[in-house]
Structure formats: C-alpha cells, structure tokens
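Summary of the model geometry
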Amino acid sequence: MSATAVDVRADFPVLDREGLVYLDSAATSQKPHQVIEAMDDYYRNSNAPIHRSVYPLAAEATELFEGARERVARFVGWDARTTIFTRNATEAINLVAYAWGRENVGQGDEVLITRMEHHSNIVPWQLLCQERGARLRYVSVDRDGELAMDELDEALGEGRVKLVGVAHISNVLGTLNPVEDVVRRARAVGALTLVDGSQAAPQLSLDLRAIDADFYVWTGHKALGPTGIGVLHGRAELLEQMRPFLGGGHMISRVDDQTSTWNELPWKFEAGTSEIAEAVGLGAAVDYLSAIGMDSVRAHERELTAYALERMPEIDGLTVFGPPDPERRGGVISFAMPGIHPHDIGELCGREGVCVRAGHHCAQPLMRDMGVPATARASFHVYNSRYDIDRLVDALAKAREVFEL
Amino acid sequence: MDALYRDYILDHYKRPRNFGTLDPHDLEWHDHNPLCGDELGVHIVVEDGKVAELRFHGQGCAISQASASISSEELIGMPVGDVSKLDADWAIDQLGIEISPTRRKCALLSLKVMRGATTGDASWPE
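Quick caveat: nothing in here was measured; it's all calculated off a predicted structure.

Right, let's get into the sheet that holds strand 15 (residues 375–379) of chain A. In a beta sheet, neighbouring strands pair by backbone hydrogen bonds and run either parallel or antiparallel. Residue and element names in this part refer to chain A. Read across the sheet, four strands follow the order 11-12-15-14 without closing on themselves; strand pairing throughout is antiparallel. Sheet topology places strand 11 (319–320) and strand 14 (357–359) at the edges, where each strand pairs with a single neighbour. In the sheet, strand 11 pairs with strand 12 (residues 332–336) via two bridges, with the strands oriented antiparallel. Among the inter-strand pairings, Val-320 is bridged to a residue of strand 12, identified as Phe-335. Along the sheet face, helix 13 (residues 342–351) touches strand 12, strand 14 and strand 15 and points at about 160 degrees away from the line of strand 14.

Following this line, the structure appears as structure tokens:
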C-alpha cells in the first residue's frame, strides 16, 4: 500500500509545494485534481439551476447533482432518498437537534453523548437541552481512550435517554468506537442514535445498514471533497415524521398564505439553492476513494498509524494519547512533549514544512479530562507515507533543540 | 539564535517571573484564548493606587507565558489607572520579537487579563 501512496500523491496539486508534509487531514484533507476538475468542469460546462427549469442545460445540472447524491449514498451503503446534503457535519447535527429534538426531547428527558465528542456533537445538544429543560449527560473515556461502556449501559438503564450521540472515530484520540454496539444497546431501551462519522467516512469502508444508526453524519472536506458540503443519512420513517429544519424555496410542495406543505425526501431538508458544484465535487471524491478501495485506504492509514506509534516515542518524553493498538484507532495521533507547548510544536514543525495541528481540536471537555489545555496532532490520509512521519520525527527533534531540552 | 524563541523568551517561559497566586488580593481576572484553550489568571494587590504585587497563573505557549512574565515586571509599581492605557503595540514591544497574525492572541492574552483586572474591560487589546 505504500506504493499506492506514492502513486496517489501526484494527484494532489497542493502537495507539489516544495518540502510540504501535510499531516492535518483530520482538520481538512487535500483535494485530488479529479475533484477540482469536476467542479471546474461543472461551472464551465454544465452550470444551471437544478430541479425546476426544463431546458436541457438545467436537466444536465440536475442529473449531475442527483447523480452525485446517488454515488455518495452508495459509498456508505445507504439510500439516496434518505441522504440529505447539508453545509457540513455540524449543520447535519443541528438539523437533527432542531427538527427531531424539539419535537421529541422534553422536560426530564436526557441526551447522552460521550466525552470525546467534537464541539459539533456537543453544542447543538446543549442548546436543545437548555431550551427543552432536558439534561445532557456524558459517557466517560478511560485512560486508553476507550468509551466506558458500563456507564453507557447505566445511563441507558435509567430510561430517560432519548438519543445517544457518538463519534465513530475520535478526532483527538483516534479511537475507533464500537458504534454498532452503541446503536444496539440504545435501541434496546428505545433511544435513537446519531453517529458523527466525520473522521470515519474518509478512511473506513462503511456499511451504514450494518451500523444501523438512526442518523449518520459526515462532511465532504475531510473526505478529499470540497468545503461547504456535508451529509446526513437518516432512517426514512424518522425523516418523514420530522418537521423541516430551514424553510424556503425547494423544500416545499405548496405554499399558501399561512401554511405550507413539504417536498418529498430528501428535498424537504434542502431549503434554498443547493451546493451544486460542491455535491459534484463530493461525488468525484467518493469515486476517487472507491477507485483506490476503502479497504486499501484503511490498511494504509493503519500502517502509517502503526509506524508513527513506533517512531514518535523515540522523542524523549513524548506522550501519545489514545488507544495503543493501531487496530483500535484511525489515522489520528494526538501527542504532547514536556517543556514545549503544543502551539510551539506546531510553529516549529511548520517551519520545517510539516503541518500539524495544535490546540483543543474543538474538544474542550475531553482536553479537561486529559488534564491538558491542548495537544499537538498529526493525522494521515492516502497521500501520506512513512517518509512524512520520518520528517515529523525529525522536526520534533529539532523543536527540542530550539527549546534547549 | 532563533528569531522567535530568543534566549530571553525561553528563559521567561521556563522560569516565569511573578507566577503563582496572591491571597488575599484586591483585583483578579481570569480569561482564555478561544483559539487554543490556554488559560491565564492574575491576582493583584494594590497599595497607594499602584500595583504593589502581581501574580499570574495558568498555562500556555512560550509566547503567552513569556509575555505574562515580562509584562509582570513592568506592571509592578505602575499606577493602576495607567494599565488601561497599555495597548497591543505595548505588549508586542515588550516581547521584542516579530509576532505573526497566528500568534497575536498568544502575545496579547496577558495584557487582556491585566486590563480586565484593573478596568473590567474584557475586550482584546488593539
């Protein structure tokens, strides 16, 4: 698979930059030229309003947009009709918190999330719980970065949980959570589940039918696609019952003076002019990933993660957070070095051309549990190789020299 | 020598001056950098309208910690009313290094909490 990494690197124009080692794909991935060209081609040759105009150009644009939806749905093993395009994963979660949550979560009810959620899977539930007089509860994370499943059972057992929100892969710890198990346990007590697949969809072969969550969300820009497009996959009967999220054009069936009726799925949740070029770009991204094969993508991430977990501890005092077993994690490694703050690690790596993230990674509750204000984080995708990890280790050694450690 | 991590910056980072807490104290403030989650608090004892004693506490990067350490030395003895006159340029001049836009808030957090303690103004220095 290392050979594949060398092969695909040439597909990513930004990686032509002299000396660039990009290790921040958990924040946003780079884009292959196939994605950039698909969007460029759409604007140059096929741009038109979708769905309502009858002339051939508009029909072509509609076909491109809806064709992208079908490919995106197939990519994760779901139906196009219940695959809704949003602006990003955050908007998809807000959609569920608003359109489902406000009708179904009330005084005394609970929403249960985990302490390793991204702020995007925390704050929408805080807003909902505050508004509805409900309680937001958390499942702890143990020292190895794994979910405390006994706490999940305990909270579910009390019978007030309406929905469980869980990240498929933690954007900080890299933990690959047992989401099928969480869904099964939640369903046994009548609670719904929302899985945040923002880190998982880019690197795992997904079969959403097997996971069987009620809602599964992810975002395009971490999966080699463009910014400005996210995805919500939901169970049909829930989406049908739910009130709309945003009101406006396209999401309606008929508008009267005082009331309206709603369009069919998925368009009921897609108010206003859609992100057409972005959908086309995401369609090209999933085609690109499918051509490599998601099993190969996962194998590559696992190999790089194992190599990084082997090499990074060569740096004196370096601590790696999250599960020690590469089988139990995705291609995300958070770490700390005594005597150098993560921001300074990020700055000094940046000077060597090595792009790593430093900060709280939009996971402040988890940072407090870990007892650190911030971590540095390296994350991988198909275009990375062992060479990139060697460069990271060299940059970290150099950072220690600058800090006279 | 490194242009950013100069010897005196690293010295203030590793051996920060006036770090800790003061009890009792007359003024206090606590704030954080929303970009990175770094936290910084300050306790001040006032005598005769001047900053008599000052202690910072919290954690942060080399730039934010050195900024707090260096400016603490300037603040002690200063009339409390003068702290509100200090601006972002003052804080960056104290550091004596070039600060990129991405590290600006690191350099300004200590002034932000000192101004907060003395004036109640929670805005970022400009």
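All names here are of chain A. Over its 20 residues, helix 3 (residues 56–75) runs 28 Å from end to end, which matches the ideal 28 Å to within 8%, given 1.5 Å per residue. Every buried residue belonging to helix 3 is among Ala-61, Leu-64, Phe-65, Ala-68, Arg-69, Val-72, Ala-73 and Phe-75, and all of these are buried. Elements that come into contact with the buried residues of helix 3 comprise helix 2 (33–46), strand 2 (83–86), strand 8 (230–234) and helix 11 (276–292). Of the residues flanking the end of helix 3, it is Gly-77, one or two places downstream, whose phi is positive at about 75 degrees.

Attention shifts here to unusual backbone geometry. Cis rather than trans, the peptide bond between A:Leu265 and A:Pro266 has omega equal to 0 degrees. Locating A:Pro266 in the fold gives a position in the loop between strand 10 (260–262) and helix 11. In this structure, B:Pro24 follows B:Asp23 across a cis peptide bond, with omega equal to 5 degrees. Considering the arrangement of structural elements, one finds B:Pro24 in the loop between helix 1 (7–14) and strand 1 (27–32). Even without a glycine there, the phi angle at A:His51 is positive, about 80 degrees. Note that A:His51 resides in the loop between helix 2 and helix 3.

Glancing now at the sheet that holds strand 3 (residues 50–59) of chain B. All names here are of chain B. Strand order across the open sheet formed by three strands is 1-2-3, with antiparallel pairing between neighbours. This sheet does not close on itself; its edge strands, each paired only once, are strand 1 and strand 3. The mean angle between the axes of side-by-side strands here comes to 15 degrees, regardless of whether they run parallel or antiparallel. Direction of pairing for strand 2 (residues 39–47) relative to strand 3: antiparallel, over a ladder of nine bridges. Residue Ile-44 lies in a different strand from strand 3, and its bridge partner there is Leu-54. Helix 2 (residues 62–75) rests against strand 2 and strand 3 of the sheet, and its axis sits at about 170 degrees to strand 3.

What counts, and where the lines are drawn
- Residues numbered from 1 in each chain as written.
- Chains lettered and ligands numbered in written order.
- Predicted model: local features only at pLDDT ≥ 70, side-chain atom pairs only at ≥ 80, totals over all residues.
- Pairing = 2+ DSSP bridges.
- Helix = DSSP H or I, 4+ residues; strand = E, 2+ residues; numbered from the N terminus.
- Contact = placed C-beta atoms within 7 Å.
- Axes fitted to C-alpha atoms, helices over the stretch in contact; angles between N-to-C directions.
- Expected span 1.5 Å × (residues − 1).
- Buried ≥ 20, exposed ≤ 12 C-beta atoms within 10 Å, placed from the backbone.

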